[in-house]
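# Analysis of the macromolecular model
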Amino acid sequence: MNMIANHPPTSELQALDAAHHMHPFTHAGELKDKGARVIARANGVTLTDTDGNDYLDAMAGLWCVNIGYGREEMAEAAARQMRELPYYNTFFQTTHVPAIALANKLAQLAPDTLNHVFFAGSGSEANDTNIRMVRTYWAQKGHPEKNIIISRKNAYHGSSMGSGSLGGMTFMHEQGGLPIPDIHHIDQPHWWAEGGDMTPEEFGLERARQLEAKIEELGADRVAAFIGEPIQGAGGVIIPPSTYWPEIQRICDKHGILLIADEVICAFGRTGKWFASETLGIRPHIMTIAKGLSSGYAPIGGSIVCDEVAEVINNCEFAHGYTYSGHPMTCAVALENLRILEEEGIVDNVANHTAAYLAKKWATLGDHPLVGEASTIGMMGAIQLTPDAERRAKFAGNEGDVGLITREHCFKNGLVMRHVGDRMIISPPLVITDAEIDTLVERAWIALDLAHKQVEAEGKM
Ligand code: PMP
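Residues numbered from 1 in each chain as written. Predicted model: local features only at pLDDT ≥ 70, side-chain atom pairs only at ≥ 80, totals over all residues.

### Comments concerning the site of the ligand
Short version of the rule: Here is the check we use: build the C-beta atom from the backbone, and if it is within 6 Å of the molecule or strand, call the residue near. For helices the rule is a DSSP run of H or I covering at least 4 residues; for strands it is a run of E covering at least 2, with both sets numbered from the N terminus onward. Gly counts as polar in this scheme, as do all residues outside two lists: the nonpolar Ala, Val, Leu, Ile, Met, Phe, Trp, Tyr, Cys and Pro, and the charged Asp, Glu, Lys and Arg.
Near the ligand there are 16 residues, and of these Ser122, Gly123, Ser124, Gly158 and Val264 occur at the shortest range. Sort the elements by how many residues they give to the shell around the ligand and helix H6 (residues 123-140) lands first, with three residues. Here the residues of the shell around the ligand sort into six nonpolar, eight polar and two charged.

What follows is the structure, given as structure tokens:
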């Protein structure tokens, strides 16, 4: 039997999955008892599992399916390239048409002098490239000691040794000996959780100025770069106060520190522009990209590098690369994705319509008694669950319990929404329609009502 096309019953698949498949970021023992949800197909914004249940995917997979599921042209682009040239590498003085075309297209789309692309297979790999690239840049310029990279607590930059070290998730650092040396973390600009009595604007400045204090503590002659997600994604869709990024930019400029914008989630229309750096007025030397680059249809990532850094790196042999750097099929798929985003006006439509519609509808969730704050930027949103919005209070019991309860009610009501602690987050496909946004918000409200009842019954409020 073809196990994919004509699959066995769900329970059998779940047992096989538990027996042989190790899942990322999963407590396998707990999942074994519950059984994983087995997703069979998807179309537009809708997922269907092997029992025939539909879910509105408000997370676009893992923040990546920007053009929505089921685009035939993407399958065609992959098949065409596989027939023509399924694989060749870009090492040892060779190249191929899809890698050339994609690098050119990205150079056209990216702002300022971000004109050079180093390909990788994922966001994690691209951030590992960035660590080695910025350190090599300074070493080539005669400053090998300028090798420290400053990042933020609760940042997410991937889960390899390098990118996981850049990330600021302590539960990750506790496994496997992270962080690697010479990575430092400052506090995040998360006003709801950490802003105390400050206004968001005051707090944004205070958090940005921690970068200056850290540079002064370590010495600017030791600091190579600062890395940040324009909007923290996996940390909980944390939209920084308006004062934050301008101050970070000022500090990087003043101290001659390279600025890396990790655009893995935020690029390719997510905020209504091709890159969130444009939305937030950030001028990075390097941008990390992945996810929306291919809308998740093929695994690809990369670093878009400015002229100044590329010139120095191109002056030596940069001893770095992946077998799948610029893989022809993934490049062809990414090119087709960019064509769809551009020619169908998907990015413009986010800017001119959908982001505003989502913002208006999402804001209504702020009236729910379990919700303290409902915020969006572009096509990313968060709601903060709280027993007392006025005091920005936490629930009794473990942080994340109420978020988990809410997420489970979402699933049962046909909605995929993620929880990070007690924040519920969304990042739907950019092609979501107004009617689908209405459904999303209706289902979220139902899930919040059910969670509210349960939380009250369990005495957590
Ligand atoms: N950077 C950011 C900002 C991300 O959100 C992610 C993935 N969620 C990564 C890097 C890592 O990308 P990947 O999972 O493709 O390695």
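### Observations regarding the environment of histidine 116
Stated formally: Exposure is read from a count of other C-beta atoms within 10 Å of each residue's own; the residue is exposed at 12 or fewer, buried at 20 or more and partly exposed in between. C-beta atoms are placed from the backbone. A pair of residues counts as a contact when their C-beta atoms, built from backbone coordinates, are within 7 Å of each other.
Inspection of the secondary structure assignment puts histidine 116 in strand S4 (residues 114-120). Exposure remark for histidine 116: the 20 C-beta atoms within 10 Å place this residue in the buried category. A C-alpha to C-alpha distance of 6.9 Å links histidine 116 and alanine 103, two positions 13 residues apart in sequence. In contact with histidine 116, not counting residues within four places along its chain, are Val305 and Ala310.

### Focus on the domain arrangement of the protein
The criterion, for reference: Throughout the structure description, domain borders are defined by an automatic or database domain assignment.
According to the domain assignment, the protein consists of domain 1 (37-70 + 345-457) and domain 2 (73-343). For domain 1 versus domain 2, the separation of C-alpha centres amounts to 26 Å. Residue-level contacts link 27 residues of domain 1 with 24 residues of domain 2. If you list the elements that add at least two residues to the side of domain 1 that touches domain 2, you get helix H3 (60-63), helix H15 (346-363), strand S11 (371-377), strand S12 (380-385) and strand S15 (423-426).

### Remarks on helix H11 (residues 244-255)
Let me state the cut-off plainly: Multiplying 1.5 Å by the helix residue count minus one yields the expected span of that helix. This arc corresponds to the set of directions leading from the helix axis out to the C-beta atoms.
With 12 residues, H11 should reach 16 Å at 1.5 Å per residue; the first-to-last C-alpha distance of 17 Å fits that figure. The complete set of buried residues in H11 reads Tyr244, Trp245, Ile248, Ile251 and Cys252. Taken around the axis of H11, the buried residues stretch over an arc of 125 degrees, which confines them to a single face. Across from the buried face of H11, at angles greater than 90 degrees, the exposed residues are Asp253 and Lys254. Directly beyond the C-terminal end of H11, a positive phi value near 65 degrees is found at glycine 256.

### Brief notes about the sheet that holds S12
Inclusion rule: At least two bridges found by DSSP between two strands is the condition for calling them paired. Note on geometry: axes are lines fitted to C-alpha atoms, helical ones only across the stretch in contact, with angles between N-to-C directions running from 0 to 180 degrees.
Across the sheet, four strands lie side by side as S11-S12-S15-S14; this open sheet has antiparallel pairing. Of all strands in the sheet, those bounded by a partner on one side alone are S11 and strand S14 (418-420). On average, each strand axis in the sheet is tilted by 20 degrees relative to the strand beside it, whichever way the strands run. Across three bridges, S14 lies against S15 in antiparallel orientation. The residue bridging valine 420 from the neighbouring strand is arginine 423, located in S15. Packed on one face of the sheet, H15 meets S11 and S12 and runs near 180 degrees to S11. Running over the sheet, helix H16 (residues 401-412) touches S12, S14 and S15 and is turned about 180 degrees from S14.

### Considerations on the nonpolar core
A general tendency of soluble globular proteins is for nonpolar side chains to be buried together. This is how the line gets drawn: A set of buried Ala, Val, Leu, Ile, Met, Phe, Trp, Tyr and Cys residues, joined through C-beta atoms within 7 Å, is what we mean by a nonpolar core.
Formed by 129 residues in total, the largest nonpolar core has its most connected members in Ile149, Ala225 and Leu415. Taken together, domain 1 (37-70 + 345-457) and domain 2 (73-343) each give at least three residues to this core, which thus spans both. With residues up to four places along the chain from it excluded, the contact list for alanine 225 reads Val134, Ile149, Ile257, Leu258, Leu259 and Ile260.

### Notes on the sheet that holds strand S7 (residues 223-228)
Across the sheet, which stays open at both edges, the seven strands sit in the order S4-S10-S9-S8-S7-S5-S6 with mixed pairing between neighbours. On the outer flanks of this sheet lie S4 and strand S6 (183-186), each paired with one strand and no other. Put simply, the sheet's adjacent strands are angled 25 degrees from each other on average, direction ignored. Where helix H5 (residues 97-109) meets the sheet, it contacts S4 and strand S10 (301-306), and its direction lies at approximately 135 degrees from that of S4.

### What about the pairing of strand S5 (residues 148-152)?
Among the five residues that make up S5, five are buried, leaving the element largely enclosed by the rest of the structure. Neither face of S5 is exposed, since Ile148, Ile150 and Arg152 on one face and Ile149 and Ser151 on the opposite face are all buried. Taken together, the three bridges between S5 and S7 define a ladder with parallel strand orientation. Note on S7: the bridge partner recorded for isoleucine 148 is valine 223. Note that S5 and S6 share four bridges and pair parallel. Considered in S6, the bridge of isoleucine 149 is made with isoleucine 183.

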